[in-house]
Amino acid sequence: MADRTSTQRKKVKKPPSRASRKSSRQERPQSPRLAKNARNGAPAVSGAQLSAPGKHFLSDKVGHFTESVIREMTRQAMLHGAVNLAQGFPDFPAPAEIKQAAQRAVAADVNQYAITWGAKNLRNAIARQMGVWQGIIVDPEKEITVCCGSTEAMISTLLAVCNAGDEVVIFEPFYENYGPDSVLSGAKPKFVKLRPPAADGGEWTFDEKELRRAFDKHTKAIILNTPNNPTGKVFTRRELELIRDLCVEFDVLAITDEIYEHILYEGTEHISMVSLEGMRERTVTINGMSKTYSVTGWRVGWAVAPEKITNAIRKVHDFLTVGAPAPLQEAGAAALSLPAEYYANLAAGYRVRRDHLMPALTSAGFQCFRPRGAYYVMTDISAFGFKDDVSFAKYLVQEIGVATVPGSSFYRDPRDGAKQVRFAFCKKPETLDEAARRLAKLAR
Ligand SMILES: Cc1ncc(COP(=O)(O)O)c(C=O)c1O
């Protein structure tokens, strides 16, 4: 299992010294041993054989982070036949209406590139719904870029706005992509702690002074994910206003990841940062279809930003991917036209799933931090007495048959997450039942 996503802990690998270059040249055969490629008869050469002597082929940037631990845990779950409560994808079907819309689009030959910044129907639907949900007027021609998932929207945005030496403020624990995203864009991530609730049913909180200290003249942006993965925190208006005030004072952009916008519990309200006074011109709002419509494999997301920033995002997006899947964008327009009751049912369904899994976790010995939104539950594993979260997660996947995500993958310093693991509950009742049955072994 990969240790963790690390943005700072890992040092960049230095190019080999002259002495070691010499010895590696001596070790390498003069001509690579070639094996016959069975399919086309051409010689097959391994990547290792192809590297030129002494050349440092890898970007220094990739030395700053490891592979995604979350995605690695899915592979571990498959390897060990474990119930996968690690990666956040639903194991139940997407709504029939939107699957039919995708089928219709393919049948109607919507099979070629869409406009690079997004199919008009989808952009119109996004603009319309931002008006309905957040009261924001958006120009679909000038302010929206449709990307390959919100993942691409985030990295395209960071690449479009960051210069070397810029700093990006990130609350931690954080969704693991943000660290590598900042590094790839040349920016330096600066982390501010979210502290777990002291008592049952409490909130994750941050220290206002610590947040203020993270802002200075080098700060280009803050990444804000609400509802939050992994904590389930939904930022309150007061907290957002505090962040807004800092953004205005230090002339900083807010880049918000709102992909769990509709997954809310106990009457919590999702407030888009862009809707706050003073933020319209300094917010990039990122969202997508993956979580709201249970289609994580479709890869359709978007960034909504003022025209100048959108122009820059569109340029990066164009050269990165050209465009998101055309027929699925048409299905996206249909999805965004679903009635309000769809969203009410979505949230209610997730509340049932949360309330299904949490008691099973508690009786197995986990301390659960009750989420207010999104579909994850962060837990404290101190009661099990393991060395750390990684060894516990290994034990769970291999011996108990349940895959989770070790808490350390959400922190810059792995010690901060050493007593936590995260469970995803975007699963069918029978999947949660099976997980509960297996986890019960921990209590014996
Ligand atoms: C906070 C957050 N942002 C983005 C993503 C990825 O979204 P997408 O599928 O739209 O790329 C995830 C997936 O788990 C997530 O939790």
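The rules behind the values
Residues numbered from 1 in each chain as written. Predicted model: local features only at pLDDT ≥ 70, side-chain atom pairs only at ≥ 80, totals over all residues. Pairing = 2+ DSSP bridges. Helix = DSSP H or I, 4+ residues; strand = E, 2+ residues; numbered from the N terminus. Near = placed C-beta within 6 Å. Axes fitted to C-alpha atoms, helices over the stretch in contact; angles between N-to-C directions. Left-handed = near helix turned anticlockwise from the far one by under 90°. Contact = placed C-beta atoms within 7 Å. Nonpolar A, V, L, I, M, F, W, Y, C, P; charged D, E, K, R; others polar. Buried ≥ 20, exposed ≤ 12 C-beta atoms within 10 Å, placed from the backbone.

S.K.: Whenever I open this one, the sheet that holds strand E15 (residues 420-424) confuses me. Can you help?
M.R.: In a beta sheet, neighbouring strands pair by backbone hydrogen bonds and run either parallel or antiparallel. Pairing is antiparallel across the open sheet formed by 4 strands, whose spatial order is E11-E12-E15-E14. What marks the edges here is a single partner per strand, and that holds for strand E11 (367-369) and strand E14 (405-406). Here E11 pairs with strand E12 (residues 376-380) via 3 bridges, running antiparallel. Note on E12: the bridge partner recorded for Phe369 is Met378.

S.K.: Sorry if this is basic, but what is going on with the site of the ligand here?
M.R.: Of all residues adjacent to the ligand, which total 13 residues, the nearest are Gly149, Ser150, Thr151, Gly288 and Ser290. Among the elements that make up the shell around the ligand, the one with the highest residue count is helix H6 (residues 149-161) (3 residues).

S.K.: Can you help me understand the packing of H6 against helix H10 (residues 307-321) in this one?
M.R.: When two helices pack together, their arrangement is captured by the angle between the axes and the distance separating the axes. Packing of H6 against H10 brings their axes to within 8 Å, and their N-to-C directions diverge by 120°. By crossing handedness, the relation of H6 to H10 is classed as right-handed. Between H6 and H10, the residues in contact are Glu152, Ser156, Thr157, Leu159, Ala160 and Val161 and Ile309, Ala312, Ile313, Val316, His317, Leu320 and Thr321, respectively. Split by residue class, the contact of H6 with H10 holds 8 nonpolar, 4 polar and 1 charged.

S.K.: I tried to follow the pairing of strand E9 (residues 283-288) on my own but got confused; where do I start?
M.R.: On a regular strand, each side chain points to the face opposite its neighbour's, so the side chains alternate between the two faces of the sheet. Of all 6 residues that make up E9, 6 are buried, and the element is covered over most of its length. Examined bridge by bridge, strand E8 (residues 253-257) and E9 share 4 bridges and lie parallel to one another. Each residue of the ladder has a partner; that of Ile255, found in E9, is Val284. In this structure, E9 lies alongside strand E10 (residues 301-304), joined through 4 bridges in antiparallel fashion. Looking across to E10, one finds that Gly288 is bridged to Gly301.

S.K.: Quick question: what am I supposed to make of the sheet that holds strand E4 (residues 144-147) here?
M.R.: Spatial ordering of the open sheet is given by E4-E10-E9-E8-E7-E5-E6, a layout of 7 strands whose pairing is mixed. Edge positions in the open sheet fall to E4 and strand E6 (188-193), since each of these has one partner strand only. Here the strands of the sheet are splayed against their neighbours by 20° on average, with no regard to which way each runs. Seen against the sheet, H10 touches E4, E9 and E10 and runs at an angle of roughly 25° to E4.

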